[in-house]
Structure formats: C-alpha cells, structure tokens
Amino acid sequence: MEHESGPAPGAAPVRPRRARDLEACVQALAEVHHGDGYPVNWPADPARWLSPPSMLAAWVAELDGRVVGHVGLSRGDDGDAAPALWGRRQGASAEATAVVSRLFVAPAARGRGIGALLMRQAVRDARERALHPVLDVVASDTAAAALYERLGWELLATVEQRWGPAQTVAVRCYAAPPTTPAW
C-alpha cells in the first residue's frame, strides 16, 4: 500500500528502463502474477509484452540495486477504451492521450510509495508530450484502483472488453487529474 501523502522517505529511484532491465522486469512481473494475478493472462513472451509497439517510454524503480517496479507509457491501441472515453468527454481526439500501462511493484517492495513514483514519472512524461494520461485496470484489481483514486485519477467508466473468443473482462477506465498533483 502506498503512503497517503506520497512516496516514503528513501523510496526507490525511478529511471528510464534499459534493454538489460527486461530480464529483471520479467522476474518482478512473475512475482506479481503469482501473488496478485497481474497480468490476468500470463504472456507467452513477457519481455515483448512489456515492450508493445505502441510504447513511447518505460521506467523502472530500483531498491538496493534491484529492479522492483515498472511502468510504461504508450499510444492507445484499438482495444483501449480509456482514450476514447476521455476524448468523448473532453470533445477531443483519443490521439491526445497517452496510456499508462504495465505498472507493477514487486510484492516485497510495496508500501514505500514506489507505485506513486512510477505514476508521477509517467504522468510527467505524458504532459511533456502534450498528451493527457489515461489508463484502464481490471475491475477486480481493487488495490490498483485504490492507488489511482488516492492519486486523484477520475473514473471515466467501467466497460466490458473482449480479450479473446471466450474471455470478457470488466475494466475500470481512468483519466489523470487535469493538472499534475504534488504527489
């Protein structure tokens, strides 16, 4: 759980992800998947999943020299509902958004504000690109939704998405606050 006021003292530094970080990112992601079920469907190639073609940038958080967190910023894909929802609400194009994605913090590193630090970096980068940050999260991931709401993100809607011929998933779509909060 993140601290209400933001990152804890001595929180992990956040830096741009490098190619050599992918193995450590996959290891941390596997820990998260085992403990929390994220991602819902384990990818056949986790490193590739962490680096979709639409990726604009990605960052990692380190603690004691070990990668313990990750976040990416992407252009919206056809299946992303949040960009279209925000665009309709704002009377703007979905292309005016950037999707915060692939956010995770290794279980042993939680409670230090790392998720908030990673979110802050992704939001800052999106705004520097003159894009509005949006995201979606599986509706059953109440811990992630609580983090986003604590950070001031606005729930746009909960929608059903088809993730395959036999899988429909409810996702909560969020938009960042209009201005960057101090968190």
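The structure displayed is predicted, hence computed values, not measured ones.

(A) Main features of the pairing of strand E5 (residues 132–138). When you tally the buried positions in E5, you get six out of seven residues, the bulk of the element. Relative to E5, strand E4 (residues 97–105) is paired through three bridges, and the arrangement is parallel. Paired with Val99 across the bridge in E5 is Val134. In this region the chain leaves E4, passes through helix H4 (residues 114–128) and returns to the parallel neighbour E5; the handedness of that crossover is right-handed. Bridge count for E5 against strand E7 (residues 167–175) is five bridges, and the pairing is antiparallel. Its bridge partner lying in E7, Leu135 is registered against Tyr174.

(B) Examining the environment of Asp64 more closely. Inspection of the secondary structure assignment puts Asp64 in the loop between strand E2 (55–63) and strand E3 (66–74). Along the chain, Asp64 and Gly35 lie 29 residues apart, while their C-alpha atoms are 22 Å from each other.

(C) Representation of the sheet that holds E2. Spatially, E1-E2-E3-E4-E5-E7-E6 is the arrangement adopted by the seven strands of the open sheet, whose pairing is mixed. A strand with exactly one partner marks an edge of an open sheet, and here the two such strands are strand E1 (14–16) and strand E6 (154–164). Neighbouring strand axes in the sheet, compared pairwise and without regard to direction, differ in orientation by 30 degrees on average. In terms of strand pairing, E3 meets E4 through five bridges, oriented antiparallel. Bridge pairing in E4 places Ser74 opposite Val99.

(D) View of helix H3 (residues 81–90). Those residues of H3 not exposed but buried are Ala81, Ala82, Pro83, Leu85, Trp86 and Gly87. Considering only its buried residues, H3 is in contact with E4, E5, E6 and E7. Remark: Gly91 follows H3 within two positions and exhibits a positive phi of approximately 70 degrees.

(E) Seen up close, the pattern of salt bridges. Applying the stated criterion across every chain, the model contains seven salt bridges. Between Arg89 and Glu154 there is a salt bridge, with the nearest N and O atoms lying 2.5 Å from each other. Residue Arg89 is located in helix H3, and its partner Glu154 is located in strand E6; the two are separated by 65 residues in the primary sequence. Overall, the relative accessible area of 42% leaves Arg89 in the partly exposed class. Of the charged contacts in the structure, one is a salt bridge between Arg129 and Asp125, with a shortest N-O distance of 2.5 Å. Overall, Arg129 belongs to the partly exposed group, its relative accessible area being 37%. Taking the relative accessible area as the measure of exposure, Asp125 reaches 12% and is therefore buried. Salt bridges sharing common partners tie together Arg15, Asp21 and Glu62.

What counts as what
- Residues numbered from 1 in each chain as written.
- Predicted model: local features only at pLDDT ≥ 70, side-chain atom pairs only at ≥ 80, totals over all residues.
- Heavy atoms only, no water.
- Buried < 20%, exposed > 50% of the residue type's maximum accessible area, 1.4 Å probe, protein only.
- Helix = DSSP H or I, 4+ residues; strand = E, 2+ residues; numbered from the N terminus.
- Pairing = 2+ DSSP bridges.
- Right-handed = clockwise from strand over helix to strand, strands pointing away.
- Axes fitted to C-alpha atoms, helices over the stretch in contact; angles between N-to-C directions.
- Contact = heavy atoms within 4.5 Å.
- Salt bridge = Lys/Arg side-chain N within 4 Å of Asp/Glu carboxyl O.

Nothing here speaks to function; it is all geometry.
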